[in-house]
Amino acid sequence: MSITRRDLLRSQLLLLPAIAGAKLTGCSRAVLGQNGPPKAKAKSLVFIHLVGGPSQVETFDYKPELYRSAGKRIAGFNSEKKQSGGTIMSPIVQFKRHGQSGAWVSELLPHLAKHVDDLTFVKSVACTSLEHMQAQLELFTGSIIEGYPSAGAWINYALGRPNGPFPNVAGMHDPLGPPRSLLGIFERGPLPNTASYAVFVDPRKDFGDRDAKSSIPYDAKRAVAQQVNKLRELGAYRDSFYSRRDELFDVSIEVRRTMREHFKPRDYTEEEKRLYGVTKYFENPFADQLMAARDLLEKEVPYIQIHCGDENEPTGWDHHFNIRDMIPMSKKMDQPVAGFLTDLKNRGLLDQTVVFWGGEFGRTPIIDEVGTPEGQPPRGRGHNNRVNTVWFAGAGLKPGMTLGETDELSLSSVRDIVNVGDLWATMLHLLGVDHHKLAFHDKGADISFTKEFHEVIRDILA
Amino acid sequence: VTGRRPMRVEDLRDNLLALAGTLERQPPDVDQLGQVANDREARPVRTVYLVRARASQPFWADYFELPRGFKSVGQRSDVPSLTQIAFFLEESWLIEIVHKIAAAYEPRGPSALDDIVKENYQRIYTRAPSDSELASWRQFFSKGDFKQNLYLFFQTLVSASEFYYL
């Protein structure tokens with residue numbers, strides 16, 4: 001006879017957490033086992049995803065050869081449009097060295113340039129797919145096929161501890177729209193429902209009193225949740241898999257109430273305005289989200305996933321048609337992220353947090369000739385899954401260093417190549433999770449977040 | 001009970017509209033077919049007659065566990081996110097529907113409670129309530145305002161999984 005979680009609670013089996021945990025979750029292996037789990041260096045992880053894949057040669061991967069070779073044709077490279085070879089395009093901006101580490105940063109990112117000594121760059125990240133949806137799914141779920149649990153769900157499951165009335169994982173996407181992979185990147189998959197994301201666009205907007213009609217009194221929602229639970233216990237379906245859905249009502253109410261109280265619309269302080277480069281609420285939703293992330297970090301929310309930009313070219317990072325669209329997007333992103341890092345540092349939060357910044361893949365040094373609409377001169381860059389520049393900042397990392405290298409045109413990674421799974425192995429390690437042990441038994445097979453060949457990138461760890 | 005699956009969002013919508021008595025059962029004319037993609041929630045016309053345009057679904061459809069037919073695979077999650085579940089508790093569209101359903105039963109008053117519960121278990125779940133369920137609702141209605149309790153009664157029935165899964 002199958003038993004429900006409530007049955008377990010009643011029977012006090014939870015006094016034996018190891019046994020009960022295995023029964024509850026179907027976990028075949030201990031995630032944070034007693035056999036020497038890695039020690040957590042960080043309490044929280046903030047994943048800033050630049051939707052669409054920003055150009056590395058216009059941000060951090062300085063390639064002087066591109067300026068010299070601009071206009072030359074090269075052969076032998078296929079982009080996602082099956083464009084064979086193409087014309088090299090010069091970066092639209094100049095680069096300068098910054099900080100003691102002497103890291104190259106483009107003029108597009110003057111604020112982040114002041115933080116290079118806090119950042120740990122990895123310039124040789126490769127992934128499997130050249131297409132956004134699959135690459136985003138791979139980045140967040142480890143699989144190019146939809147339906148597998150996303151990073152936040154895995155982290156929630158791995159940490160396995162409640163966070164009071166706050167969610168364990170929070171996801172925020174651009175108000176203009178989610179990434180192309182939609183809910184696939186907030187997927188819980190077959191993991192237990194307690195691993196669910198709390199997905200919202202902007203906590204102050206989502207949880208504020210913007211719509212009087214939807215401001216249903218707390219007591220009324222509570223009454224509905226209690227009755228749902230009561231009926232579930234009384235009803236004929238209590239042991240079936242979908243009764244798990246009803247268990248979420250309690251959690252949902254409490255999380256939303258807390259978030260709503262916490263994120264009441266307010267005026268920014270002078271310091272917030274200065275750091276994040278905003279003057280009023282909703283002027284730059286991405287900055288609002290970063291401030292919300294900071295507040296969530298103060299509540300020790302372990303994982304926050306923020307998507308900057310949407311899937312469209314001028315309002316995201318997928319610049320096929322005109323790479324100059326990066327200029328307004330960089331303005332939107334640069335100061336808030338730099339301000340976020342400063343803010344965390346000032347509050348002592350950066351010592352216990354890992355911040356990750358990156359897109360799903362990099363871009364080609366050659367012009368995307370196929371993707372440009374007819375009648376317009378081609379001025380953009382295509383997808384490139386052989387290169388991707390990302391950075392980490394915060395706890396447990398070696399600041400001011402760069403791992404990996406691309407060739408002289410930034411066409412392919414040539415040294416210390418890592419896969420997106422290695423990035424996650426490293427981030428999980430910093431959170432104290434052994435990625436090799438992170439698995440879940442589902443329908444007769446173990447599913448895992450990372451693959452067996454993925455490894456922690458030890459070179460970037462402090 | 002096995003083999004149940006979440007209803008499609010259009011089915012849920014049609015069921016809710018039907019319960020509220022606002023579903024138009026006549027097939028739409030050509031004009032309506034053309035407009036449906038952008039204006040679906042405002043048009044209480046039975047979805048089975050209409051073109052399904054998932055890429056332009058109404059905002060509230062995001063809160064359901066949709067099969068993602070326009071994507072590479074049709075897989076869906078069997079448990080929604082916390083934000084999705086909150087739809088059933090506080091989204092104005094659903095609340096309006098619940099109020100419409102309740103409005104039809106309110107005049108019958110508290111003395112008809114047993115009949116209201118039995119009738120609506122039949123309408124919404126296609127089964128009679130068990131004795132313990134009926135007792136639970138009697139207890140629920142014993143406190144507070146009848147009208148408010150009636151809203152919550154219907155909101156509970158359409159929020160719970162039994163309504164949501166076929």
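(A) The arrangement of the overall build of chain B in detail. Helix and strand counts for chain B stand at eight helices and zero strands. In sequence order, chain B lays out its α and β elements as α-α-α-α-α-α-α-α. Out of the 166 residues in chain B, the part that is buried amounts to 54%. Within chain B, contacts between residues at least 6 apart in sequence are counted, and of these 56% link residues at least 24 apart. Only carbon and sulfur atoms are counted for the fraction: they give 49% of the accessible area of chain B, which is about 7300 Å².

(B) Region of interest: the overall build of chain A. Within chain A, the regular secondary structure consists of 13 helices and 20 strands. Looking at chain A residue by residue over its 462 residues, the buried ones come to 61%. Partitioning the intrachain contacts of chain A with sequence separation of at least 6 by distance along the chain shows that 77% fall at a separation of at least 24. Just so you have it, chain A exposes about 18000 Å², and 52% of that area is on carbon and sulfur atoms.

(C) Structural context of the environment of Ala198(A). Looking at the secondary structure, you find Ala198(A) in strand 9 (residues 198–200). Owing to a relative accessible area of 4%, Ala198(A) belongs among the buried residues under this scheme.

(D) Quick peek at unusual backbone geometry. Residues and elements named next belong to chain A. Look at Glu 300: it is not a glycine, yet its phi comes out positive at around 60°. Positioned with a positive phi, Asp 416 is a non-glycine residue whose angle comes to about 50°. Within the secondary structure, Asp 416 is located in the loop between strand 17 (413–415) and strand 18 (418–419).

(E) Region of interest: the packing of helix 11 (residues 285–298) of chain A against helix 12 (residues 326–346) of chain A. Residue and element names in this part refer to chain A. Two elements in contact, helix 11 and helix 12, have axes separated by 9 Å at closest approach and are oriented at 20°. Classed by the angle they form, the pair helix 11 and helix 12 counts as roughly parallel. Along this stretch, helix 11 crosses helix 12, giving a crossing that reads as right-handed. Residues Phe 286, Ala 287, Leu 290, Ala 293, Arg 294 and Leu 297 of helix 11 form the contact with helix 12, whose participating residues are Lys 332, Met 333, Pro 336, Val 337, Phe 340, Asp 343 and Leu 344. Taken together, the residues of the contact of helix 11 with helix 12 sort by class into ten nonpolar, no polar and three charged.

(F) Structural context of helix 12 of chain A. Between the first and last C-alpha of helix 12 of chain A there are 29 Å, a value that for 21 residues agrees with the 30 Å anticipated at 1.5 Å per step. Once helix 12 of chain A finishes, Gly348(A) follows within two positions and takes phi at roughly 75°, a positive value.

(G) Inspection of the pairing of strand 3 (residues 84–87) of chain A at higher detail. Residues and elements named next belong to chain A. Relative to strand 3, strand 2 (residues 73–78) runs antiparallel, the two being bridged by three bridges. Its bridge partner lying in strand 3, Ile 74 is registered against Gly 86. Once strand 2 ends, the chain turns through five residues before running back antiparallel as strand 3, passing Lys 82 with a positive phi of about 65°.

(H) Quick peek at the nonpolar core. Core analysis: the biggest nonpolar cluster contains 55 residues, and Met333(A) and Trp391(A) have the highest contact counts within it. Excluding residues within four positions of it along the chain, Trp391(A) makes contact with Phe60(A), Leu112(A), Leu119(A), Thr120(A), Phe121(A), Val337(A), Leu341(A), Val355(A), Phe356(A) and Trp357(A).

(I) The packing of aromatic side chains, seen in detail. All names here are of chain A. Enumeration over the complete set of coordinates arrives at 25 aromatic pairs over all chains. Between the aromatic rings of Phe 60 and Trp 357, the centroid separation amounts to 5.3 Å while the plane-to-plane angle is 85°, which identifies the pairing as edge-to-face. Of this pair, Phe 60 sits in the loop between strand 1 (44–50) and helix 3 (64–69) while Trp 357 sits in strand 11 (residues 353–359), and the two are 297 residues apart along the sequence. A residue is classified by how much of its surface remains accessible, and Trp 357, at 1% relative accessible area, is buried. Sitting above the plane of the Phe 121 ring, Lys 123 keeps its charged end 5.7 Å from the centroid.

(J) Focus on helix 8 (residues 218–234) of chain A. The terminal C-alpha atoms of helix 8 of chain A lie 24 Å apart, and with 17 residues this matches the ideal 24 Å at 1.5 Å per residue to within 8%. By the burial criterion, the buried members of helix 8 of chain A are Ala220(A), Lys221(A), Arg222(A), Ala223(A), Val224(A), Ala225(A), Gln227(A), Val228(A), Asn229(A), Leu231(A) and Arg232(A).

(K) Region of the structure containing the side chain of Asn385(A). Residue and element names in this part refer to chain A. Take Asn 385: it is sitting in the loop between strand 13 (381–384) and strand 14 (390–394). Since its relative accessible area comes to 14%, Asn 385 is described here as buried. In this structure the side chain of Asn 385 is engaged in a polar contact, spanning 3.0 Å, whose partner is the backbone oxygen of Thr 128.

(L) Just the pattern of salt bridges, in detail. Scanning the entire structure with this criterion turns up 23 salt bridges over all chains. What you see here is one network of salt bridges that share partners, running through Glu272(A), Arg294(A), Asp295(A), Glu298(A), Asp343(A) and Arg347(A).

(M) Quick peek at the confidence of the model for chain B. Averaged over all residues, the pLDDT of chain B is 76; the fraction at 70 or higher stands at 64%. For this predicted complex, the interface confidence score (ipTM) comes to 0.80, while the overall pTM stands at 0.81.

What counts and how
- Residues numbered from 1 in each chain as written.
- Chains lettered and ligands numbered in written order.
- Predicted model: local features only at pLDDT ≥ 70, side-chain atom pairs only at ≥ 80, totals over all residues.
- Heavy atoms only, no water.
- Helix = DSSP H or I, 4+ residues; strand = E, 2+ residues; numbered from the N terminus.
- Buried < 20%, exposed > 50% of the residue type's maximum accessible area, 1.4 Å probe, protein only.
- Contact = heavy atoms within 4.5 Å.
- Areas by Shrake-Rupley, 256 points an atom, 1.4 Å probe, with all protein chains shown as cover.
- Axes fitted to C-alpha atoms, helices over the stretch in contact; angles between N-to-C directions.
- Parallel < 35°, antiparallel > 145°, perpendicular 65-115°, else oblique.
- Left-handed = near helix turned anticlockwise from the far one by under 90°.
- Nonpolar A, V, L, I, M, F, W, Y, C, P; charged D, E, K, R; others polar.
- Expected span 1.5 Å × (residues − 1).
- Pairing = 2+ DSSP bridges.
- Core = buried A, V, L, I, M, F, W, Y, C linked by side-chain atoms within 4.5 Å.
- Phe/Tyr/Trp six-rings, centres within 6.5 Å; stacked < 30°, edge-to-face > 60°.
- Lys NZ or Arg CZ within 6 Å of the ring centre and 35° of its normal.
- Polar contact = N/O pair within 3.5 Å; in protein donor to acceptor, adjacent residues only side chain to side chain.
- Salt bridge = Lys/Arg side-chain N within 4 Å of Asp/Glu carboxyl O.
- pLDDT = per-residue confidence, 0-100.

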